[in-house]
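In case you want the letters, here they are:
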Amino acid sequence: MSQNPTRPSPVSTEVYEGVVQDLIEELGQLPGVGPKGAQRIAFYLLTADPQDVRKLAATLIEVVEKVKFCRTCNNVSEADECRICQDLRRDPSVICVVEEPKDVAAIEKIREYRGRYHVLGGAISPMDGIGPEDLKIAELMARLADDTITELILATDPNLEGEATATYLARLVKPIGLKVTRPASGLPVGGELEYADEVTLGRAFEGRRVLNV
Ligand SMILES: [Zn+2]
(Lines give C-alpha, C1' and ligand atoms only; values in the text may rest on other atoms or scores of the structure.)
Protein backbone atom coordinates (compact mmCIF):
# COMPACT_ATOMS: atom_id res chain seq x y z
CA MET A 1 0.00 0.00 0.00
CA SER A 2 1.38 3.45 -0.88
CA GLN A 3 1.54 6.03 1.88
CA ASN A 4 0.45 9.61 1.56
CA PRO A 5 3.64 11.69 2.21
CA THR A 6 1.67 14.61 3.71
CA ARG A 7 0.39 12.43 6.55
CA PRO A 8 2.44 10.84 9.30
CA SER A 9 3.04 7.15 8.80
CA PRO A 10 0.49 5.01 10.62
CA VAL A 11 1.30 4.08 14.18
CA SER A 12 2.70 0.59 14.41
CA THR A 13 0.38 -1.93 16.04
CA GLU A 14 3.37 -3.12 18.04
CA VAL A 15 3.21 -0.54 20.78
CA TYR A 16 3.39 -2.66 23.89
CA GLU A 17 6.29 -4.57 25.31
CA GLY A 18 6.91 -8.27 25.29
CA VAL A 19 4.22 -10.45 26.74
CA VAL A 20 1.49 -7.78 26.66
CA GLN A 21 2.04 -7.39 22.92
CA ASP A 22 2.01 -11.18 22.53
CA LEU A 23 -1.31 -11.35 24.38
CA ILE A 24 -2.85 -8.65 22.16
CA GLU A 25 -1.65 -10.45 19.04
CA GLU A 26 -2.99 -13.82 20.20
CA LEU A 27 -6.36 -12.35 21.14
CA GLY A 28 -6.48 -10.52 17.80
CA GLN A 29 -6.41 -13.91 16.03
CA LEU A 30 -9.74 -14.88 17.58
CA PRO A 31 -12.82 -14.64 15.36
CA GLY A 32 -14.74 -11.38 15.73
CA VAL A 33 -12.19 -9.73 18.04
CA GLY A 34 -9.99 -7.47 15.89
CA PRO A 35 -7.12 -5.21 17.08
CA LYS A 36 -9.21 -2.83 19.21
CA GLY A 37 -11.15 -5.61 20.90
CA ALA A 38 -7.87 -7.47 21.52
CA GLN A 39 -6.47 -4.44 23.36
CA ARG A 40 -9.63 -4.05 25.39
CA ILE A 41 -9.64 -7.72 26.43
CA ALA A 42 -5.89 -7.66 27.18
CA PHE A 43 -6.19 -4.68 29.54
CA TYR A 44 -9.26 -6.16 31.15
CA LEU A 45 -7.25 -9.32 31.88
CA LEU A 46 -4.31 -7.30 33.25
CA THR A 47 -6.53 -5.61 35.81
CA ALA A 48 -8.85 -8.54 36.54
CA ASP A 49 -8.63 -10.73 39.64
CA PRO A 50 -5.63 -13.02 38.99
CA GLN A 51 -7.70 -15.92 40.34
CA ASP A 52 -10.29 -15.44 37.57
CA VAL A 53 -7.61 -15.17 34.90
CA ARG A 54 -5.98 -18.39 36.12
CA LYS A 55 -9.35 -20.12 35.93
CA LEU A 56 -9.82 -18.91 32.35
CA ALA A 57 -6.32 -20.09 31.39
CA ALA A 58 -6.95 -23.49 32.99
CA THR A 59 -10.24 -23.85 31.11
CA LEU A 60 -8.54 -23.03 27.81
CA ILE A 61 -5.94 -25.72 28.42
CA GLU A 62 -8.55 -28.20 29.57
CA VAL A 63 -10.71 -27.65 26.49
CA VAL A 64 -7.74 -28.24 24.18
CA GLU A 65 -6.74 -31.40 26.01
CA LYS A 66 -10.14 -32.92 26.68
CA VAL A 67 -12.52 -31.98 23.91
CA LYS A 68 -12.45 -33.88 20.67
CA PHE A 69 -14.88 -34.48 17.84
CA CYS A 70 -17.36 -37.34 17.89
CA ARG A 71 -16.21 -40.14 15.57
CA THR A 72 -19.78 -40.64 14.35
CA CYS A 73 -21.33 -37.19 13.97
CA ASN A 74 -18.34 -34.80 14.33
CA ASN A 75 -20.01 -32.88 17.17
CA VAL A 76 -17.76 -31.73 20.03
CA SER A 77 -17.41 -34.46 22.60
CA GLU A 78 -15.37 -35.43 25.63
CA ALA A 79 -15.47 -39.11 24.64
CA ASP A 80 -14.86 -40.82 21.29
CA GLU A 81 -18.57 -40.63 20.74
CA CYS A 82 -20.75 -37.68 21.82
CA ARG A 83 -23.60 -37.93 24.34
CA ILE A 84 -26.26 -37.65 21.65
CA CYS A 85 -24.84 -40.52 19.57
CA GLN A 86 -24.51 -42.63 22.72
CA ASP A 87 -28.09 -41.95 23.81
CA LEU A 88 -30.20 -44.97 22.87
CA ARG A 89 -33.42 -43.01 23.41
CA ARG A 90 -32.62 -40.82 20.41
CA ASP A 91 -34.40 -41.74 17.18
CA PRO A 92 -31.86 -43.50 14.94
CA SER A 93 -34.00 -43.06 11.82
CA VAL A 94 -33.47 -39.29 11.47
CA ILE A 95 -30.23 -37.38 10.92
CA CYS A 96 -30.16 -33.59 11.07
CA VAL A 97 -27.25 -32.12 9.12
CA VAL A 98 -25.82 -28.86 10.46
CA GLU A 99 -22.76 -26.75 9.74
CA GLU A 100 -21.19 -26.35 13.18
CA PRO A 101 -21.41 -27.83 16.69
CA LYS A 102 -23.02 -24.55 17.84
CA ASP A 103 -25.99 -25.38 15.60
CA VAL A 104 -26.46 -28.66 17.47
CA ALA A 105 -26.60 -26.65 20.70
CA ALA A 106 -29.18 -24.26 19.18
CA ILE A 107 -31.44 -27.11 18.01
CA GLU A 108 -31.06 -29.03 21.29
CA LYS A 109 -32.36 -25.95 23.11
CA ILE A 110 -35.78 -26.22 21.44
CA ARG A 111 -36.14 -29.74 22.93
CA GLU A 112 -38.31 -30.96 20.07
CA TYR A 113 -35.89 -32.79 17.87
CA ARG A 114 -35.16 -36.34 19.05
CA GLY A 115 -33.06 -37.67 16.18
CA ARG A 116 -29.30 -37.66 15.65
CA TYR A 117 -27.01 -35.11 14.04
CA HIS A 118 -24.23 -34.82 11.52
CA VAL A 119 -21.89 -31.82 11.75
CA LEU A 120 -20.34 -30.90 8.39
CA GLY A 121 -17.72 -28.53 9.77
CA GLY A 122 -18.84 -25.62 7.55
CA ALA A 123 -20.63 -25.00 4.28
CA ILE A 124 -19.65 -25.14 0.63
CA SER A 125 -18.24 -21.74 -0.26
CA PRO A 126 -16.27 -21.36 -3.51
CA MET A 127 -15.37 -17.78 -2.48
CA ASP A 128 -13.54 -19.11 0.58
CA GLY A 129 -12.15 -22.10 -1.31
CA ILE A 130 -14.31 -24.57 0.63
CA GLY A 131 -15.51 -27.46 -1.50
CA PRO A 132 -17.48 -30.62 -0.62
CA GLU A 133 -14.22 -32.51 0.00
CA ASP A 134 -13.40 -30.11 2.86
CA LEU A 135 -16.57 -31.06 4.73
CA LYS A 136 -17.60 -34.29 6.50
CA ILE A 137 -19.72 -35.38 3.54
CA ALA A 138 -18.05 -38.74 2.86
CA GLU A 139 -18.64 -39.58 6.53
CA LEU A 140 -22.31 -38.65 6.15
CA MET A 141 -22.66 -40.87 3.09
CA ALA A 142 -21.10 -43.75 5.03
CA ARG A 143 -23.71 -43.29 7.77
CA LEU A 144 -26.53 -43.26 5.22
CA ALA A 145 -25.55 -46.73 4.04
CA ASP A 146 -27.34 -47.91 7.19
CA ASP A 147 -30.94 -48.43 6.08
CA THR A 148 -32.45 -47.62 9.48
CA ILE A 149 -32.13 -43.97 8.41
CA THR A 150 -35.28 -42.76 6.68
CA GLU A 151 -35.11 -38.97 6.94
CA LEU A 152 -32.35 -36.45 6.44
CA ILE A 153 -33.04 -32.91 7.67
CA LEU A 154 -30.77 -30.37 6.00
CA ALA A 155 -30.51 -27.64 8.63
CA THR A 156 -27.61 -25.71 7.14
CA ASP A 157 -27.74 -21.93 7.64
CA PRO A 158 -30.44 -19.99 5.77
CA ASN A 159 -27.85 -18.04 3.74
CA LEU A 160 -26.26 -18.45 0.30
CA GLU A 161 -23.63 -21.01 1.35
CA GLY A 162 -26.09 -22.94 3.51
CA GLU A 163 -28.67 -23.14 0.72
CA ALA A 164 -26.02 -24.23 -1.80
CA THR A 165 -24.81 -26.93 0.60
CA ALA A 166 -28.36 -28.19 1.20
CA THR A 167 -29.03 -28.38 -2.55
CA TYR A 168 -25.74 -30.16 -3.15
CA LEU A 169 -26.49 -32.74 -0.44
CA ALA A 170 -30.09 -33.25 -1.57
CA ARG A 171 -28.84 -34.09 -5.09
CA LEU A 172 -26.10 -36.31 -3.76
CA VAL A 173 -28.40 -38.45 -1.61
CA LYS A 174 -31.26 -38.55 -4.11
CA PRO A 175 -30.39 -42.05 -5.42
CA ILE A 176 -30.65 -43.42 -1.86
CA GLY A 177 -34.36 -42.52 -1.83
CA LEU A 178 -34.49 -40.96 1.64
CA LYS A 179 -37.01 -38.36 2.72
CA VAL A 180 -34.95 -35.15 2.51
CA THR A 181 -36.35 -32.11 4.31
CA ARG A 182 -35.30 -28.56 5.11
CA PRO A 183 -36.59 -26.48 8.06
CA ALA A 184 -39.43 -24.24 6.89
CA SER A 185 -39.07 -20.61 6.03
CA GLY A 186 -39.53 -18.20 8.90
CA LEU A 187 -35.86 -18.40 9.79
CA PRO A 188 -34.15 -15.07 9.18
CA VAL A 189 -32.98 -15.24 5.54
CA GLY A 190 -29.27 -14.65 5.09
CA GLY A 191 -28.68 -15.34 8.75
CA GLU A 192 -27.28 -18.13 10.81
CA LEU A 193 -29.24 -20.87 12.49
CA GLU A 194 -27.81 -20.18 15.94
CA TYR A 195 -29.28 -16.66 15.99
CA ALA A 196 -32.87 -17.81 15.46
CA ASP A 197 -34.93 -17.70 18.64
CA GLU A 198 -36.21 -20.97 20.05
CA VAL A 199 -39.85 -20.46 19.04
CA THR A 200 -38.92 -19.65 15.43
CA LEU A 201 -36.51 -22.56 15.23
CA GLY A 202 -39.10 -24.89 16.76
CA ARG A 203 -41.73 -23.84 14.20
CA ALA A 204 -39.23 -24.13 11.35
CA PHE A 205 -38.46 -27.71 12.38
CA GLU A 206 -42.09 -28.66 12.82
CA GLY A 207 -43.03 -27.25 9.42
CA ARG A 208 -40.03 -28.65 7.58
CA ARG A 209 -40.71 -29.23 3.91
CA VAL A 210 -39.56 -31.95 1.56
CA LEU A 211 -36.71 -30.73 -0.61
CA ASN A 212 -37.23 -31.68 -4.24
CA VAL A 213 -34.15 -31.38 -6.45
ZN1 LIG B 1 -21.96 -37.82 17.93
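Remember, it's a predicted structure, so these values are computed and weren't measured experimentally.

(A) Geometry of the side chain of Arg116. Within the secondary structure, Arg116 sits in strand 4 (residues 116–119). With near-sequence residues (within four places) excluded, Arg116 lies in contact with Ile84, Cys85, Asp87, Leu88, Arg90, Asp91, Pro92, Val94, Ile95, Cys96 and Arg143.

(B) Spotlight on the packing of aromatic side chains. Under the criterion given, the structure shown has 3 aromatic pairs. Summarising the aromatic geometry, the rings of Tyr113 and Tyr117 are spaced 5.2 Å apart at their centres and angled 70 degrees between planes, so their arrangement reads as edge-to-face. For the residue pair Tyr113 and Tyr117, the accessibility class agrees, reading buried in each case.

(C) Representation of the confidence of the model for the protein in the model. Averaged over all residues, the pLDDT of the protein equals 89, while 90% of them reach at least 70. Mean pLDDT across the secondary structure elements of the protein bottoms out at helix 8 (residues 198–206), with 82, and peaks at strand 4, with 98. The low-confidence segment residues 1–6 (pLDDT under 50) makes 2 contacts with residues lying over four places distant or belonging to another chain.

(D) Representation of the sheet that holds strand 3 (residues 94–98) in the model. Spatial ordering of the open sheet is given by 4-3-5-6-7, a layout of 5 strands whose pairing is mixed. Only two strands of the sheet have a single neighbouring strand rather than two, namely strand 4 and strand 7 (209–210). In this structure, strand 5 (residues 151–154) lies alongside strand 6 (residues 179–182), joined through 3 bridges in parallel fashion. Each residue of the ladder has a partner; that of Ile153, found in strand 6, is Thr181.

(E) Looking closely at the coordination of the zinc ion. In the first shell of the zinc ion, the protein supplies Cys70 (SG), Cys73 (SG), Cys82 (SG) and Cys85 (SG), at 2.3 Å from the metal. Classification of the site at the zinc ion as tetrahedral follows from its 4 donor atoms and the range of 103 to 118 degrees in their angles at the metal. Sequence positions of the donors to the zinc ion reduce to the motif C-x2-C-x8-C-x2-C. Take Cys70 and Cys73: they sit in the same class, and that class is buried.

Here is what the cut-offs are and how they apply
Residues numbered from 1 in each chain as written. Predicted model: local features only at pLDDT ≥ 70, side-chain atom pairs only at ≥ 80, totals over all residues. Heavy atoms only, no water. Helix = DSSP H or I, 4+ residues; strand = E, 2+ residues; numbered from the N terminus. Contact = heavy atoms within 4.5 Å. Phe/Tyr/Trp six-rings, centres within 6.5 Å; stacked < 30°, edge-to-face > 60°. Buried < 20%, exposed > 50% of the residue type's maximum accessible area, 1.4 Å probe, protein only. pLDDT = per-residue confidence, 0-100. Pairing = 2+ DSSP bridges. Donors = N, O, S within 2.8 Å, 3.2 Å for Na, K, Ca; no water. Tetrahedral: all angles 85-135°; square planar, octahedral: opposite > 155°, others 65-115°.

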